[in-house]
Amino acid sequence: MAVLKRLLIVLGLAVTPLLIGLLFTYDIIKIEWISFMEIQPSFIAQEAPLPLPARSVPIQGAAYIPELGAPPNPVPADAASLERGKTQFEINCVICHGATGKGNGPFAAFLVEKKPPSLLEGRPLTLSDGEIFMTITNGVGKMPSLKENLPTPEMRWDVVNYVRSLQKGP
Ligand code: HEC
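Residues numbered from 1 in each chain as written. Predicted model: local features only at pLDDT ≥ 70, side-chain atom pairs only at ≥ 80, totals over all residues. Heavy atoms only, no water.

1. Regarding the packing of aromatic side chains
Phase 1: On inspection of all chains with the given rule, the structure shows three aromatic pairs.
Phase 2: Look at F133 and W157: their rings are 4.1 Å apart centre to centre, the planes differ by 15°, and that puts the pair in the stacked class. Here the residue F133 occupies a position in helix α5 (residues 129–138), and W157 occupies one in helix α6 (residues 153–168), the gap between them amounting to 24 residues.
Phase 3: A relative accessible area of 4% places W157 in the buried class. (Phe/Tyr/Trp six-rings, centres within 6.5 Å; stacked < 30°, edge-to-face > 60°. Helix = DSSP H or I, 4+ residues; strand = E, 2+ residues; numbered from the N terminus. Buried < 20%, exposed > 50% of the residue type's maximum accessible area, 1.4 Å probe, protein only.)

Structure, rendered in structure tokens:
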């Protein structure tokens, strides 16, 4: 009998720590384990990107800081820029503003509330290059932002240059 009793005590001593251990490992008793991978600035899928560090400046310049107002046009309107601008204008703008910018694109008929204006007269003539650039970047009124279609600032400046050449006429 004495042997059995001793065996029970030994078993009890061995099993009790195991049971207590299981309480922790099965999240019954929750303890914040230190995990160094988590303690760092990072973002995971579907989380908003980290905010920019203070005083950082986007390498594309004013293009991405709308608060700075309309930026000056850094892209010279040479033949190569106009050629690229024409291609992008035909892809992204003609559908609404028309091939010559008169506002008679094939999609214009379906826009009921606000028709795309002619780019060749009135207000668009008075806009600076930078203002047209910001219009393409952020959209205006019923015109959508096209910065996803024209992802680099250079593409948008090419389109601005092309719009200017349309306004000057042939
Ligand atoms: C989905 C149709 C649509 C597309 C595509 C579109 N526009 Fe527009 N655009 C409009 C409409 C509508 C307006 C008038 C916005 C308003 O005043 O509500 C407008 C206005 C403008 C203006 C005048 C802005 C102002 O402040 O008066 C400019 C310049 C312009 N668009 C240029 C462009 C250029 C360049 C592209 C191509 C990169 C383009 N648009 C693509 C529909 C479009």
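2. Considering the packing of α5 against α6
Phase 1: It is at 9 Å that the axes of α5 and α6 come closest, and there the two elements cross at 125°. Between α5 and α6, the angle falls in the class oblique. Both α5 and α6 take part in a crossing whose hand is right-handed. Counting all contacts with α5, which are made through D129, G130, I132, F133, I136 and T137, the residues of α6 involved are P153, R156, W157, V159, V160, N161, V163 and R164. (Axes fitted to C-alpha atoms, helices over the stretch in contact; angles between N-to-C directions. Parallel < 35°, antiparallel > 145°, perpendicular 65-115°, else oblique. Left-handed = near helix turned anticlockwise from the far one by under 90°. Contact = heavy atoms within 4.5 Å.)

3. Let's talk about the side chain of Q167
Phase 1: Among the structural elements, Q167 can be located in helix α6.
Phase 2: Owing to a relative accessible area of 16%, Q167 belongs among the buried residues under this scheme.
Phase 3: Only 3.3 Å separates the side chain of Q167 from the backbone oxygen of P124, close enough to count as a polar contact.
Phase 4: Separated by 2.6 Å, the side chains of Q167 and R164 make a polar contact.
Phase 5: For Q167, the residues in contact, after removing those within four places along its chain, are L119, L120, P124 and L125. (Polar contact = N/O pair within 3.5 Å; in protein donor to acceptor, adjacent residues only side chain to side chain.)

Distances and angles like these do not, on their own, reveal function.
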